[in-house]
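Residues per chain are reported as follows:
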2 protein chains.
Amino acid sequence: MKTVFSLEPIRKISSELRKNGRTIGFIPTMGALHQGHLKLVKESKNKNDVTIVSIFVNPAQFSPTEDLDKYPRPFEQDKKLLEQGKVDYLFFPNAKIMYPNDFQTYVTSNKLGNILEGKSRPGHFSGMATVVLKLFNLVQPTNAYFGQKDFQQSVVVKHMVSDLNLPINVNVVPTVRDKEGLALSSRNIFLSSQERLQALSLYQSLLLGKKLISEENKNVQMIKTAIKNYLQEYKLICLDYIEICNPKNLSPVKIATNKSVILIAAYAGKTRLIDNIII
Amino acid sequence: MKTVFSLEPIRKISSELRKNGRTIGFIPTMGALHQGHLKLVKESKNKNDVTIVSIFVNPAQFSPTEDLDKYPRPFEQDKKLLEQGKVDYLFFPNAKIMYPNDFQTYVTSNKLGNILEGKSRPGHFSGMATVVLKLFNLVQPTNAYFGQKDFQQSVVVKHMVSDLNLPINVNVVPTVRDKEGLALSSRNIFLSSQERLQALSLYQSLLLGKKLISEENKNVQMIKTAIKNYLQEYKLICLDYIEICNPKNLSPVKIATNKSVILIAAYAGKTRLIDNIII
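Residues numbered from 1 in each chain as written. Chains lettered and ligands numbered in written order. Predicted model: local features only at pLDDT ≥ 70, side-chain atom pairs only at ≥ 80, totals over all residues.

**A closer look at the domain arrangement of chain A**
Residues and elements named next belong to chain A. Going by this rule: These domain limits were set by an automatic method or by a database of domain assignments. Placing a C-beta atom from the backbone of each residue, one calls two residues in contact when those atoms lie within 7 Å. Only DSSP runs of H or I with at least four residues qualify as helices, and only runs of E with at least two residues qualify as strands; both kinds are numbered from the N terminus onward.
According to the domain assignment, chain A consists of domain 1 (2–173) and domain 2 (186–278). Put simply, the middle of domain 1 and the middle of domain 2, counted by C-alpha atoms, are 26 Å apart. Facing the 13 residues of domain 1 at the interface are 12 residues of domain 2. Among the elements of the structure, helix H5 (117–120) and helix H7 (151–163) are those that each provide at least two residues to the side of domain 1 that touches domain 2. Take the side of domain 1 that touches domain 2: its biggest share by element is three residues, from H7.

Here you go:
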């Protein structure tokens, strides 16, 4: 695996690959890699000639009150995992080259960027979409891979790719969970053992929602109330939102169908967690 | 010249050209073509294997109170001019395929988009940058050509290309003027003969500013006052702004240098005109 630190070299590598007719699979990450990321790598390796992973903890998608500084950055460990995963190129730029002093051009999703996670984290999706667009322009991938865990992120990216006419296929890969069902996340390391135990209730509550819908309880208000009641037993879990939505545009539905998605966000102690389930 | 109306064909054409190592020159226009546009075509023809022109009157860069509906659309005449100019491809999409119903992803320049023209025309540069980015992604040009007349537009586009890491060279071509010095613009057809006559004062006032600066009058306030006094004689001309700026970031300067740009915007009757001069 070759590690690339700056803009022109990665652009040159991808241009050469595209000129030679090679397909490029790309996985943008913020590092602190886990099996969820490695599943994206595996998908990419299966479908493309060359796989490029980026690691960049993107300041633009953190608000001033969020955990940018304490976001984990275990670079050597990440590198090892990517080498084991037979990644071809690791792109590892620093913030100064990604956001030079006079940087000022941002991408925003006017609707999708302001609901759910966007409502709780103003500016988050604009920062995310902007850096993903920059990385897409540098790496020029054929296919890009995102985890289903960050469901809204994948919808925002898909919409951006369509709206901005980018020649890229966006692939969403199912969430990887640990043995007990907790969705893998780089932020899970912040959980105390008590918090981790109670965080299992998130996925359980999603399964409860799915069960209710499959048992013909389609009324969204009723399902949401059942989930809220279930979570109330877990004193370390503080629900931010639970919504049942159309998976394409994330507009809330009143009557759940087998095409809906249930999205949940909650704090376990001070750690914000998100999860979702497609019915 | 081949006219292309939809997205996939233009994408296919440009992808094939790039794959075959051909350079693509691209001129995005809103039609109503004049010699200024044709000079861009000539520049592109000189420097690239293939030249693509787009004609798209972009609704996103007009505010509700502006002249979208009455913007001139002499398509057959435009086509003839481009054929005479030996353009290879004309891309002529409609608003529905460029902005489908759920379109919502916009690009904004946080600083450059809000000053000068952006202050007088809120949202204009976001709409312009968004459509230019879409067209860039569809056409994948090696070189793009913009007229110096829309100076701020060229600065916004250059900054977008740099910020978003687009692999495109942005070329700015000097303004074409009629015999009497009026900068060519598609909007000039709206001028009455009286207004047209008085509109000549804009370029004259810029020349006056340049002369003052070259005579060592560097104080911007003084130069602006001289220009305002000059224009006051022209009763059909209503000045919107006159600014002397750094040409790279358009920040106003206090002391003019031989690297400054003087930017002017004014109404001649109901028609908004802009012009500029580099010192």
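**A look at helix H1 (residues 7–19) of chain B**
Residues spaced three or four apart along an α-helix face the same direction, because each turn holds 3.6 residues. Residue and element names in this part refer to chain B. Note the following rule: One less than the residue count of a helix, multiplied by 1.5 Å, gives the span that helix is expected to have. Here a residue counts as buried when 20 or more other C-beta atoms sit within 10 Å of its C-beta, as exposed when there are 12 or fewer, and as partly exposed otherwise, the C-beta atoms being derived from the backbone. What the arc covers is the set of directions going from the helix axis to the C-beta atoms.
Under the 1.5 Å per step criterion, the end-to-end length of H1 is 18 Å for 13 residues, consistent within 8% with the ideal 18 Å. Among all positions of H1, only Ile10, Ile13, Ser14 and Leu17 are buried. For H1, the angular spread of buried residues about the axis comes to 90°, placing them on one side. Structural note: H1 exposes Glu8, Lys12, Glu16 and Lys19 on the side pointing more than 90 degrees away from its buried face. Residues of H1 that are buried in the fold lie against strand E1 (2–4), strand E2 (24–29), strand E3 (50–55), strand E4 (89–91) and helix H6 (124–139). Within two residues after H1, Gly21 carries a phi angle of roughly 75°, on the positive side.

**Overview of the relation of the copies chain A and chain B**
Heads up, the condition is: Least-squares superposition aligns the copies on the C-alpha atoms of those residues with pLDDT at or above 70 in both.
Superposing chain A onto chain B takes a rotation of 180° plus a shift of 0.0 Å along the axis, which leaves an RMSD of 0.0 Å. Seen this way, the second copy is the image of the first under a two-fold rotation axis. Every residue of chain A has its C-alpha some distance from the rotation axis, and the shortest such distance is that of Val107(A), at 2.2 Å.

**Quick look at the nonpolar core**
This is how the line gets drawn: When buried Ala, Val, Leu, Ile, Met, Phe, Trp, Tyr and Cys residues are joined through C-beta atoms within 7 Å, the set is termed a nonpolar core.
In terms of nonpolar packing, the biggest core is built from 156 residues, with Ala129(A), Val139(A), Ile264(A), Ala129(B), Val139(B) and Ile264(B) touching the most fellow members. If sequence neighbours within four positions are ignored, Ala129(A) has contacts with Val107(A), Ser109(A), Val156(A), Val157(A) and Met160(A).

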